[in-house]
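# Inside the fold
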Amino acid sequence: MTSTTPVRRPSRIGWPAEAGPAKTDIAGAPAPIGWIGVDGVGESPPAAGPSSEDERVTHEPTATLDASRTRIKSVLDDAVGSPRDGELDTPIMREAAQAVRVLNPTRDSTFPRPGHRRVITVANQKGGVGKTTSTVNLAVALALHGLRVLVIDLDPQGNASTGLGVEHSSGTPSIYEVLVDGASLAETAVAVEQAPNLWCVPATIDLAGAEIELVSVVAREHRLRKAIEAYDHEVDYILVDCPPSLGLLTVNALVAGDEVLIPIQCEYYALEGLGQLLSNIDLIQSHLNGGLRVSTILLTMYDGRTKLADQVAQEVRNHFGDLVLDVVIPRSVRVSEAPGYGQSVMTYDPGSRGALTYFEAAREIAVRGTQLATPGRRESE
Ligand code: ADP
Ligand code: MG
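Now for a look at the structure at hand. Every value quoted in this text rests on a predicted model; they were computed, and no experiment measured them. (Residues numbered from 1 in each chain as written. Chains lettered and ligands numbered in written order. Predicted model: local features only at pLDDT ≥ 70, side-chain atom pairs only at ≥ 80, totals over all residues. Heavy atoms only, no water.)

### Things to note about the overall build of the protein
Per the secondary structure count, the protein includes 15 helices and seven strands. A burial count over the protein gives 51% of its 381 residues as buried. Counted over contacts in the protein with a minimum sequence separation of 6, partners at least 24 positions apart contribute 82%. Accessible surface, the protein as shown: approximately 16,200 Å² in total, 52% of it carbon and sulfur. (Helix = DSSP H or I, 4+ residues; strand = E, 2+ residues; numbered from the N terminus. Buried < 20%, exposed > 50% of the residue type's maximum accessible area, 1.4 Å probe, protein only. Contact = heavy atoms within 4.5 Å. Areas by Shrake-Rupley, 256 points an atom, 1.4 Å probe, with all protein chains shown as cover.)

Shown next, in the form of structure tokens:
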């Protein structure tokens with residue numbers, strides 16, 4: 001199921017100006033490139049660089065952008081709910097009400113439990129798009145609302161471990177021991193203090209060598225999947241935070257997952273390289289994990305002051321349709337401060353917009369999860 005059709009990208013934003021040759025994938029086969037379901041139809045990519053693109057964006061008619069803004073606002077308003085009899089109608093009261101909603105201290109609000117354990121791989125080979133931030137905050141949000149969650153940190157930087165406040169200095173039992181030495185997830189997972197029923201398998205810098213060490217290991221692409229299959233703790237969600245590359249660690253995560261969640265930053269070059277990620281997902285689907293599918297796109301770091309952010313959001317919705325969550329994560333200082341305190345924004349500032357939107361994203365994911373069929377049989381089985 002490979003194709004060498006020349007790249008024809010229908011998008012205008014953020015695509016590379018030139019259609020490169022079909023890339024060779026991890027399995028040595030030429031990778032098909034392009035959007036799912038788009039058969040080379042559409043406009044050619046823009047020849048111009050960022051400056052003329054910016055100009056076009058600035059003068060773009062705003063009808064669709066306004067529609068996009070209205071949609072985002074209504075989702076957020078729904079999430080907060082209207083104040084009762086005006087009693088919460090001050091900014092501070094409103095923020096306090098949001099905080100209670102997010103933290104759920106009485107534990108009486110619960111998200112629906114999925115019909116089967118969902119293994120979600122959070123991937124995008126671009127760095128800094130919000131993979132780790134999304135993994136951490138979604139995991140905490142799900143756990144605060146009654147679901148049992150395991151986070152697997154698969155990035156040698158260990159940022160997810162930091163955000164969850166989990167020790168990850170070199171030598172700490174970690175995902176490295178699981179992948180390279182065959183340790184179990186159960187013996188490396190540690191409880192996270194921020195929420196009940198939340199565990200994390202940390203990543204240490206030792207993992208940086210794993211890509212090379214795994215090369216000679218039998219069934220090297222299946223190491224994580226085997227470990228997850230052997231993990232018999234009752235969890236509802238396993239979230240895998242990938243490194244910013246398409247190397248063997250990410251391949252392990254894609255072979256292990258049922259679903260891929262792709263965070264996309266609402267920025268100019270956000271879509272660049274996405275074709276390559278989708279091609280790799282296609283290849284893994286064909287050769288290593290027939291049950292894999294892209295289930296969720298999450299728009300991150302949205303800056304409401306720029307038309308560009310709206311336009312990228314709209315472009316992504318045009319291509320991915322219902323896969324894109326309704327809620328969009330705004331760019332927020334509170335979100336970026338939280339990891340410095342070993343926390344998610346959910347616990348660091350639960351009344352903030354960042355916390356509220358991640359709460360809403362988690363709820364959407366949980367609700368959609370109840371409509372999902374059981375994952376298909378994998379081809380390698
Ligand atoms: P990735 O894991 O894809 O490399 P991160 O989640 O680490 O990306 O995010 C990259 C940087 O952007 C981090 O410093 C993070 O704190 C910051 N960041 C992520 N999401 C937001 C947001 N919504 N608002 C502001 N800063 C953010
Ligand atoms: Mg990261």
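Having seen the model, we can carry on.
### Overview of the packing of aromatic side chains
According to the stated counting rule, one finds three aromatic pairs in the structure shown. On the numbers, 4.6 Å between centres and 80 degrees between planes, the contact of Tyr268 with Tyr269 is edge-to-face. On the basis of relative accessibility, which here comes to 11%, the residue Tyr268 falls in the buried class. (Phe/Tyr/Trp six-rings, centres within 6.5 Å; stacked < 30°, edge-to-face > 60°.)

### Looking at the side chain of Ser174
Residue position: Ser174 is located in the loop between α5 (159-163) and α6 (175-181). Accessibility expressed as a relative area gives 0% for Ser174, which makes it buried.

### Structural notes on the environment of Ala210
Along the chain, Ala210 falls in helix α8 (residues 210-213). Remark: the alpha-carbon pair of Ala210 and Tyr176, spanning 34 residues in sequence, is separated by 6.8 Å. With residues near it in sequence (within four places) discarded, Ala210 still touches Tyr176, Val180 and Leu249.

### Looking at the sheet that holds strand β4 (residues 198-201)
Each strand in a sheet pairs with another by means of backbone hydrogen bonds, the pair being arranged parallel or else antiparallel. Taken in spatial order, the seven strands make up an open sheet running β3-β4-β2-β5-β1-β6-β7, and their pairing is mixed. The two strands at the open ends of the sheet, each matched to only one other strand, are β3 (190-191) and β7 (293-300). Pairing geometry for β3 and β4, over two bridges, is antiparallel. Across the sheet, residue Ala191 finds its bridge partner in β4, namely Trp199. Contacting β1 (118-122), β5 (237-241), β6 (259-265) and β7, helix α15 (residues 353-369) runs over the sheet at an angle of about 165 degrees to β7. (Pairing = 2+ DSSP bridges. Axes fitted to C-alpha atoms, helices over the stretch in contact; angles between N-to-C directions.)

### Notes on the nonpolar core
In this structure, Ile175, Leu185, Leu224, Ile262 and Ile264 are the most contacted members of the largest nonpolar core, which totals 60 residues. Contacts of Ile264, omitting those with residues within four sequence positions, involve Ala270, Leu271, Leu274, Ile297, Leu298, Leu299, Thr300, Val316 and Phe320. Within the second largest apolar cluster, 41 residues are counted, among which are Leu147, Tyr237, Ile329 and Ala362. (Core = buried A, V, L, I, M, F, W, Y, C linked by side-chain atoms within 4.5 Å.)

### Structural notes on the site of ligand 1
Taken together, 14 residues surround ligand 1, and among them Gly128, Thr132, Thr133, Pro330 and Ser332 come closest. Interatomic distance of 3.1 Å between a backbone N/O atom of Val129 and an oxygen atom of ligand 1. Between ligand 1 and Ser332 there is a distance of 2.8 Å, counted from a nitrogen atom to a backbone nitrogen or oxygen. Alone, ligand 1 offers 560 Å² of accessible surface; in the complex the protein occludes 78% of this. Contributions of two or more residues to the shell around ligand 1 are made by α4 (131-144) and α13 (333-337). With three residues, the single largest contributor to the shell around ligand 1 is α4. Its residues placed into classes, the shell around ligand 1 shows five nonpolar, seven polar and two charged. (Near = heavy atom within 4 Å. Polar contact = N/O pair within 3.5 Å; in protein donor to acceptor, adjacent residues only side chain to side chain. Nonpolar A, V, L, I, M, F, W, Y, C, P; charged D, E, K, R; others polar.)

### Quick notes on the side chain of Asp153
As for its placement among the helices and strands, Asp153 is situated in strand β2 (residues 149-153). Buried charged residue Asp153 carries no salt bridge. Nearest counter-charge: Lys131, at 11 Å. Among the polar contacts listed, one links the side chain of Asp153 to the backbone nitrogen of Asp155, at a separation of 3.1 Å. There is a polar contact of 3.5 Å between the side chain of Asp153 and the backbone nitrogen of Ala160. Beyond its immediate stretch of four places on either side in the chain, Asp153 contacts Gly158, Asn159, Ala160, Ser161, Ile175, Val201, Pro202, Ala203, Leu207 and Asp241. (Lys, Arg positive; Asp, Glu negative; His and termini not counted. Salt bridge = Lys/Arg side-chain N within 4 Å of Asp/Glu carboxyl O.)

### Regarding α4
The terminal C-alpha atoms of α4, which comprises 14 residues, lie 20 Å apart, in line with the 20 Å expected from a rise of 1.5 Å per residue. With respect to burial, α4 is a largely interior element, 13 of its 14 residues being buried. Once α4 ends, the next one or two residues include Gly146, with phi positive near 90 degrees. (Expected span 1.5 Å × (residues − 1).)

### With respect to the pattern of salt bridges
The final tally for this structure, using the stated rule, is 12 salt bridges. A salt bridge links Arg118 to Glu259; the shortest N-O distance between them is 2.8 Å. Of this pair, Arg118 sits in strand β1 while Glu259 sits in strand β6, placing them 141 residues apart in sequence. When sorted by exposure, Arg118 lands in the same class as Glu259, which is buried.

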